[in-house]
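Architecture at a glance
In case you want the letters, here they are:
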Amino acid sequence: MTIELFIQYLFAGITYGSIYAIVAIGFNIIYNTTGIINFAQGEFVMLGGMISISLLDFMPLACAIILAVAITMVIGAFIEIVFIRWLAAPSVLRMIIITIGISILIREAALYIWGEGVRSLPYFTGSAITAVGIFGARISPQVLWVVGACGLTVLALSFFFKATPVGREMRACAANRKAAILCGINTGNMVTFSFVLSAGIGALAGCMMSPITYTQYDSGTALAIKGFTVAILGGLGNVGGAVAAGLLLGVVEAFSVSVVPLAFQDVISIAILLIILFIRPNGLFASKEAAGLRAF
Amino acid sequence: MLRIRNLEAGYGKLKVLKNISMHVDPGEIVTIIGANGAGKTTLLSVIAGLLKAGKGEITFKGQDLRSLPASRIPRLGCVMVPEGRQVFSPMTVEENLLLGGHVVRSQGSRVLQGLLDYQYDLFPILKERRGQLAGTLSGGEQQMLAIARALMSRPSLVMMDEPSTGLAPLIIKGIFAVIVRLRQEGKTVLLIEQNAKAALGIADRGYVLETGKVIIQGPSQDLLQNRDVQRAYLGREKIEA
């Protein structure tokens, strides 16, 4: 393999990897405050892409993206308030079935609204054939947008969780729900907020990746599976682990193309998921403490 | 200040509390003693709103607590230090304290800083450990943190659920000294204890709970002299026999 090809694969891996990481972080945020896996996470990504594409007819790209993210956040809040909030002490199985139901609902609604067609946002800078040369490899500027946006999202999130009162309260809610209530924190609102937050970052990822991967009514499902794999791989609830695992999975997938046919790419990631579930169900980076605290 | 009338509560069909009536006046230390399974923790959980009561009345400063969600109750000045500390393990000591100050956050960072300084004065060890993760503290330090976290909300009534459990005698002494200091500063304390002797030693009044009912109540001195209490909870039987 030449060095140019190596870098080409590497960048492809990092691009997909950072998208997987963002989807996985969406899983983690909701998991941390509620202890459930929201299987509709991939649909937030699809909605972000689809809504921004529709809005693009009426406004410039940046406005369309911002508005699409905001609308998806409202949808996230709506879903939590309508489907999740009124459940007093739901079992994990019940929650899983509810979120799968929500994901089917959103997907079918999207099919009804946008049809089966494959759509996409235009490239943010340049066009499909514009490329930046890096060490002889040809990299689309959109790749830099994706990687940059995902990196900024992770930084902004870690600032939010570390340094703002609301972020601190969400972490408290994750660490010990009962104690959070005793501190006077309205944990119900924190759960709504976690849905809003993960809907928002999911939608942002959906906009960023749309020019490269295209958006279709059912493109969320595959992403949710990849994101779930990454969330498990990095250790459920672990945001840093999700970033590392996302990049790892993306790069492994990208390089697998040079060994196995492209059609088997998904086989690789699902195989990784199975292997991890068998040998390290707490993830690659999970601490013992975290593993002991939660049972899923 | 706190008034409970004919309270009944339980888990599903299991009635844990039966027809409980009690009150706590401002400035008092009141203790509830009783064996394991007598319903002490259940009683506190019901007052704090974590568990819904079946029947009866709970009022705090004249306000009905039963109709409020649990997260609203600390805002009224009624706060609980739960059994088994329940600190936010993956967060630092100072973050734990700031979370305890959630309900006074709107009063500005000056108030919050003042409260932090007060806690660090009350428990100097917490100041040393302020940047450390709460989960890495010793049991005694975690108990101090749990108490300090509750005090951050500037409560008028502090309810403590077995603060001495699993701690060394010297640490227990320190924690009881803090409880006495809280009363001197005008706070009211409702203390649940399995260590009946120590609890009655600092309390003004006590209630003895047995299988969900108040069987004896009165001033601490009377309870300390009461033969039934001595036999059942103070381990005096051998000495007297």
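Quick note: structure is the one above.
A few points on the structure. Given the structure is predicted, the values throughout are model-derived calculations rather than measurements.

So, how was this worked out
- Residues numbered from 1 in each chain as written.
- Chains lettered and ligands numbered in written order.
- Predicted model: local features only at pLDDT ≥ 70, side-chain atom pairs only at ≥ 80, totals over all residues.
- Helix = DSSP H or I, 4+ residues; strand = E, 2+ residues; numbered from the N terminus.
- Rg over C-alpha atoms; globule rule 2.2 N^0.38 Å.
- Buried ≥ 20, exposed ≤ 12 C-beta atoms within 10 Å, placed from the backbone.
- Contact = placed C-beta atoms within 7 Å.
- Nonpolar A, V, L, I, M, F, W, Y, C, P; charged D, E, K, R; others polar.
- Pairing = 2+ DSSP bridges.
- Axes fitted to C-alpha atoms, helices over the stretch in contact; angles between N-to-C directions.
- Core = buried A, V, L, I, M, F, W, Y, C linked by C-beta atoms within 7 Å.
- Expected span 1.5 Å × (residues − 1).
- Left-handed = near helix turned anticlockwise from the far one by under 90°.
- Bend = angle between axes of the 7 residues up to and from the residue.

**Let's talk about the overall build of chain A**
- Tallying secondary structure elements over chain A gives twelve helices and two strands in all.
- The helix and strand sequence of chain A, counted from the amino end, reads α-α-α-α-β-β-α-α-α-α-α-α-α-α.
- Its C-alpha radius of gyration of 19 Å places chain A within 12% of the 19 Å reference for a compact globule of 296 residues.
- With the principal axes as the frame, chain A shows a C-alpha extent of 60 × 50 × 35 Å.
- Within chain A, the fraction of its 296 residues that count as buried is 47%.

**A short note on the overall build of chain B**
- When helices and strands are counted, chain B shows ten helices and ten strands.
- Seen through its principal axes, chain B has C-alpha atoms that stretch 55 × 45 × 30 Å.
- Expressed as a percentage of the 241 residues in chain B, the buried residues total 45%.
- Partitioning the contacts of chain B with sequence separation of at least 6, the portion at a separation of at least 24 is 64%.

**Side note on the interface of chain A and chain B**
- Every contact between the two is made by 17 residues of chain A and, on the other side, 23 residues of chain B.
- Listed by contribution, the elements that provide at least two residues to the side of chain A that touches chain B are helix 6 (165-175) and helix 7 (177-182) of chain A.
- Tallying contributions element by element places helix 6 of chain A first for the side of chain A that touches chain B, with six residues.
- Its residues assigned to classes, the side of chain A that touches chain B comprises eight nonpolar, four polar and five charged.

**Description of the sheet that holds strand 5 (residues 63-64) of chain B**
Residue and element names in this part refer to chain B.
- An order of 2-1-4-5 is seen for the four strands of this open sheet, with the pairing classed as antiparallel. At either end of the open sheet lies a strand with only one pairing partner, and these are strand 2 (14-24) and strand 5.
- With seven bridges connecting them, strand 1 (residues 2-11) and strand 2 associate as antiparallel partners. By the bridge assignment for strand 2, arginine 3 is matched with histidine 23.
- Where helix 1 (residues 40-47) meets the sheet, it contacts strand 1, strand 2 and strand 4 (55-60), and its direction lies at approximately 70° from that of strand 2.

**Let's talk about the nonpolar core**
- Of all hydrophobic cores here, the largest spans 153 residues; its most connected members are Ala21, Val23, Ala24 and Ala205 of chain A together with Met159 of chain B.
- The dominant element in this core, judged by the number of residues it contributes, is helix 1 (residues 3-34) of chain A, at 15 residues.
- When residues no more than four places from it in sequence are discounted, the contact partners of alanine 24 of chain A are Gly227, Val230, Ala231, Gly234, Ala242, Ala245 and Gly246 of chain A.

**Observations regarding the sheet that holds strand 3 (residues 29-34) of chain B**
Residues and elements named next belong to chain B.
- With mixed pairing, six strands are arranged side by side in an open sheet as 6-7-8-3-9-10. The strands lining the two open edges of the sheet, one partner per strand, are strand 6 (78-81) and strand 10 (213-219). Each strand axis lies, on average, 15° off the axis of its neighbour in the sheet, ignoring direction.
- Sheet topology places strand 9 (residues 205-210) next to strand 10; six bridges connect them, and they run antiparallel. Along strand 10, the bridge assignment pairs tyrosine 207 with glutamine 217.
- Docked against the sheet, helix 1 engages strand 3, strand 6, strand 7 (157-161), strand 8 (188-193) and strand 9, running at close to 145° with respect to strand 7.
- Packing against the sheet, helix 6 (residues 169-184) makes contact with strand 3, strand 7 and strand 8, and its axis sits at approximately 155° to strand 8.

**As for helix 10 (residues 239-256) of chain A**
Residue and element names in this part refer to chain A.
- With 18 residues, helix 10 extends 25 Å between its outermost C-alpha atoms, agreeing within 8% with the 26 Å of an ideal straight helix rising 1.5 Å per residue.
- Listed as buried for helix 10 are Gly241, Ala242, Val243, Ala245, Gly246, Leu247, Leu249, Gly250, Glu253 and Ala254.
- Those residues of helix 10 that are buried are in contact with helix 1, helix 5 (141-163), helix 9 (219-234) and helix 11 (265-279).

**Thoughts on the environment of cysteine 150 of chain A**
- In this structure, cysteine 150 of chain A sits in helix 5.
- Contact partners of cysteine 150 of chain A, with chain neighbours within four places excluded, come to Ser18, Ile19, Ala21, Ile22 and Ala205 of chain A.

**A short note on the packing of helix 9 of chain A against helix 11 of chain A**
Residues and elements named next belong to chain A.
- At a closest axis distance of 10 Å, the pairing of helix 9 and helix 11 adopts a crossing angle of 35°. As for how helix 9 packs across helix 11, the hand of that crossing is left-handed. Each of Lys226, Thr229, Ile232 and Leu233 in helix 9 lies in contact with helix 11, whose residues at this interface are Ser269, Ile272, Leu273, Ile276 and Leu277.
- Partitioning the contact of helix 9 with helix 11 into residue classes produces six nonpolar, two polar and one charged.

**Some details on the environment of glutamine 63 of chain B**
Residue and element names in this part refer to chain B.
- Note that glutamine 63 resides in strand 5.
- By the C-beta count within 10 Å, which is 12 here, glutamine 63 ends up exposed.
- For glutamine 63 and glutamate 193, which are 130 residues apart along the polypeptide, the C-alpha to C-alpha distance reads 27 Å.

**Let's talk about helix 8 (residues 187-213) of chain A**
All names here are of chain A.
- Between the first and last C-alpha of helix 8 there are 37 Å, a value that for 27 residues agrees with the 39 Å anticipated at 1.5 Å per step.
- Largest kink in helix 8: about 30°, centred on cysteine 207, with the proline proline 211 one to four residues after it.
- Just downstream of helix 8 lies tyrosine 214, where phi reads positive at about 65°.

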